[in-house]
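A look at the structure
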Amino acid sequence: QVQLVESGGGLVQPGGSLRLSCAASRSIFTAYSMGWYRQAPGKQRELVATITRAGTTDYVDSVKGRFTISRDNAKNTVYLQMNSLKPEDTAVYYCNYRTPTMTTYWGQGTQVTVSS
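Residues numbered from 1 in each chain as written. Predicted model: local features only at pLDDT ≥ 70, side-chain atom pairs only at ≥ 80, totals over all residues. Heavy atoms only, no water.

**Concerning the overall build of the protein**
- Within the protein one finds zero helices and 11 strands.
- Beginning at the N terminus, the succession of helices and strands in the protein can be written as β-β-β-β-β-β-β-β-β-β-β.
- Relative to the globule expectation of 13 Å for 116 residues, the C-alpha radius of gyration of the protein, 13 Å, shows essentially globular dimensions.
- On the principal axes, the C-alpha backbone points of the protein span a range of 40 × 25 × 25 Å.
- For the protein, buried positions account for 42% of its 116 residues.
- Only carbon and sulfur atoms are counted for the fraction: they give 49% of the accessible area of the protein, which is about 6000 Å².
- Put simply, the protein has 12 plus and 7 minus side-chain charges, and the middle of one group is 5 Å from the middle of the other. (Helix = DSSP H or I, 4+ residues; strand = E, 2+ residues; numbered from the N terminus. Rg over C-alpha atoms; globule rule 2.2 N^0.38 Å. Buried < 20%, exposed > 50% of the residue type's maximum accessible area, 1.4 Å probe, protein only. Areas by Shrake-Rupley, 256 points an atom, 1.4 Å probe, with all protein chains shown as cover. Lys, Arg positive; Asp, Glu negative; His and termini not counted. Charge placed at Lys NZ, Arg CZ, Asp CG, Glu CD.)

**Things to note about the sheet that holds strand S1 (residues 4–7)**
- The strand order S1-S3-S8-S7 describes an open sheet built from four strands, whose pairing is antiparallel. In this open sheet, the two edge strands, each paired with only one partner strand, are S1 and strand S7 (67–72). Mean inter-strand twist for the sheet, computed between neighbouring axes without regard to direction, equals 15°.
- Here S1 runs beside strand S3 (residues 18–24); their pairing, made up of four bridges, is antiparallel. When the sheet's bridge partners are listed, Leu4 is paired in S3 with Ala24. (Pairing = 2+ DSSP bridges. Axes fitted to C-alpha atoms, helices over the stretch in contact; angles between N-to-C directions.)

**Thoughts on the pairing of strand S11 (residues 110–114)**
- Along S11, the buried face is formed by Thr110, Val112 and Val114; none of Gln111 and Thr113, which line the opposite face, is buried.
- Looking at chain direction, strand S2 (residues 10–12) and S11 are connected through three bridges and run parallel. When the sheet's bridge partners are listed, Gly10 is paired in S11 with Val112.
- The pairing of strand S9 (residues 91–98) with S11 spans three bridges and is classified as antiparallel.

Worth remembering: the numbers are spatial, not functional.
This is the structure:
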């Protein structure tokens, strides 16, 4: 089992920034990948960003150039730096941990609201 605890969400004005954190109970170095997903009201959960064990990153087109995923293996923590936030970024953001055997774990989510 892996427990994931997200933090850093909140209310921010358009154009603002937030940094989300995801602390894992197990070493993230052994994870096949870690990622951030989001789910807006009435919409399906969508992939936002991923980072593999090798450090390869990938982003959904709508956040490229604005969001950055990173990790600190020593702290077992993954981050999502979100800049130039837009109202359409409003969602609950979930952290995801995928093992080499493709078992997936989820955090409880953190709310991000972008509004003036």
